[in-house]
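Listed below, chain by chain, are the residues.
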Amino acid sequence: MLEWQVVKPSTRAIRLLASDIDGTLLNPQFQISPDDLAALRHAHDSGIEVVLVTGRRHTFALPIALQLGFDLWLISSNGAVTRSLAGETFHRDLMPHEVCRQLCKAMQAFRGNTVLTFDKETRGAIVLERLDDLNASIRRWLEKNMAYIEFVVPLEKALTSNPVQAMFCGSMARMSEALRTLEASGMGNRVTVLRTEYPERDLSMIDVLNTGCSKGHALERWAAHRGYQREEVMAIGDNHNDVEMLEFAGHPVIMGNACEELRTRGWNLTLGNDACGVAAALANVVGA
């Protein structure tokens, strides 16, 4: 079992902080702890730019971002969309609809686990064929997003424009099968496959995006746009889909509740999301 390591102060000032949301900024009650909120506000007031980098859709991440109480940009859908709180779009990296059509065909056996996401703020932003296979795994997510869900059978009928991504969601065992099917499909050079897993909830999500799309690529693009060097970027994450973001950042920090894959990289380890790990990571960077 790894012990918490104090995050070492940077020899070069941190100018950009990129934080994941679920499993990182949000505690196990899906809330921002007061100490984490205070730490982010202090970082912002100290001149550090804060961006939230999440697998959530922009609209679903927005209420979390608004709680911070200051202006910032959101990198959402695992790097596919970079957009301000006011709705200004910096970059979109959508999946060609024909590629998604081929993906749906290859993953025919997992129709009940499939969710397509589109970049719009109306019903049809989320497209499913049916709910039954998803209800047990992500009931809370479905309830919060019901206003945006449209049922289309077959899914391909919804592909009149390019989607943000396709997601396959279910139990750990079911998604292991899905991953094997996806790997055998021969589509690996046309898409990016990212995993997010919560073993304690028996929940696994496989996000399939345009080739070259990831949190890491989006963060690198944003840092270049803002004129930040890698050595001036800190990233905090907890799951498989955070790997590319953490690899890019000059100062990668993983949560105490991070998955095993991240724990093998030698990255700085902070406290868990149940113990204000974000605040602990920032304590020696920003100061009191």
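Our subject is the structure that appears above.
Bear in mind that the values here come from a model prediction, so they are computed numbers and not experimental data.

Chemist: Give a description of the sheet that holds strand β5 (residues 89-92) that names residues and reports values.
Modeler: The sheet built from eight strands is open, its strands ordered β5-β4-β3-β2-β1-β12-β13-β14 with mixed pairing. The open sheet is flanked by β5 and β14 (268-269), the only strands paired with a single partner. As paired elements, strand β4 (residues 81-84) and β5 share three bridges and run antiparallel to each other. Bridge pairing in β5 places T82 opposite H91. Across the sheet, helix α3 (residues 58-66) lies against β2 (49-53), β3 (73-76) and β4, angled at about 140 degrees from β3, the strand it touches most. Of the strands in this sheet, β1 (16-19), β2, β3, β4, β5 and β12 (233-237) are in contact with helix α7 (residues 215-226), which crosses β2 at around 155 degrees.

Chemist: How would you explain the side chain of S19 if you had to name every residue and give the values?
Modeler: Mapped onto the elements, S19 comes out in strand β1. The class for S19 is buried, based on a relative accessible area of 0%.

Chemist: Before we move on, could you go through helix α6 (residues 172-183) and cite the residues and values that matter?
Modeler: Look at α6: 16 Å from first C-alpha to last across 12 residues, which is about the 16 Å you get at 1.5 Å a residue. Those residues of α6 that fall on the buried side of the exposure criterion are M175, A178, L179 and L182. All buried residues of α6 fall inside an arc of 100 degrees around its axis, so they share one side. Exposed side of α6, more than 90 degrees from the buried face: A173 and R180 are the residues found there.

Chemist: Break down helix α2 (residues 34-45) for me, citing the residues and quoting the values.
Modeler: An α-helical turn contains 3.6 residues, so any two residues separated by three or four positions project in the same direction. Relative to the 16 Å expected for 12 residues at 1.5 Å per residue, α2 spans 16 Å between its end C-alpha atoms, a close match to the ideal helical length. When we look at burial in α2, the residues that qualify are D36, L37, A39, L40 and A43. Seen along its axis, α2 keeps its buried residues to an arc of 165 degrees; they face one direction. In α2, those exposed residues whose orientation departs by more than 90 degrees from the buried face are P34, D35 and D45. Close packing links the buried residues of α2 with β1, α1 (21-25), β2 and α10 (277-286). After α2 finishes, the residue G47 shows a positive phi value of roughly 100 degrees.

Chemist: Provide a residue-level description of empty space enclosed by the protein, including the pertinent values.
Modeler: Tallying each qualifying case throughout the model produces one cavity of 30 Å³ or more. Roughly 80 Å³ of volume is contained in the largest cavity. The wall of the largest cavity is formed by 13 residues, among which R57, H58, F118, D119 and E121 lie closest to the centre. At the level of elements, α3 and β4 are the ones that each hand at least two residues to the lining of the largest cavity. In the lining of the largest cavity, the residues fall into three nonpolar, five polar and five charged.

Chemist: Kindly report on the environment of V152, identifying the contributing residues and their values.
Modeler: Note that V152 resides in the loop between β8 (149-151) and β9 (165-170). Along the primary structure V152 and E183 are separated by 31 residues, whereas in three dimensions their C-alpha atoms are 26 Å apart. If sequence neighbours within four positions are ignored, V152 has contacts with V127, L128, E129, K157 and A158.

Chemist: Lay out the pairing of β9 in plain terms, naming residues and giving numbers.
Modeler: Of all the six residues making up β9, six are buried; the element is thus mostly covered by neighbouring parts of the structure. Taking every second residue as pointing to the same face, both faces of β9 are buried, with Q165, M167 and C169 on one and A166, F168 and G170 on the other. Where strand β6 (residues 114-117) lies against β9, four bridges are found, and the strand directions are antiparallel. Of the residues in β9, the one forming a bridge with V115 is M167. As paired elements, β9 and strand β11 (residues 203-210) share five bridges and run antiparallel to each other. Looking at the pairing, G170 lines up with S204 of β11.

So, how was this worked out
- Residues numbered from 1 in each chain as written.
- Predicted model: local features only at pLDDT ≥ 70, side-chain atom pairs only at ≥ 80, totals over all residues.
- Heavy atoms only, no water.
- Pairing = 2+ DSSP bridges.
- Helix = DSSP H or I, 4+ residues; strand = E, 2+ residues; numbered from the N terminus.
- Contact = heavy atoms within 4.5 Å.
- Axes fitted to C-alpha atoms, helices over the stretch in contact; angles between N-to-C directions.
- Buried < 20%, exposed > 50% of the residue type's maximum accessible area, 1.4 Å probe, protein only.
- Expected span 1.5 Å × (residues − 1).
- Arc of directions from axis to C-beta.
- 1 Å grid on protein atoms, 1.4 Å probe; cavity = no way out; pocket = protein on both sides within 12 Å on 5 of 7 lines; lining within 4 Å.
- Points joined across faces, edges and corners; volume = space filled by probe spheres on them.
- Nonpolar A, V, L, I, M, F, W, Y, C, P; charged D, E, K, R; others polar.

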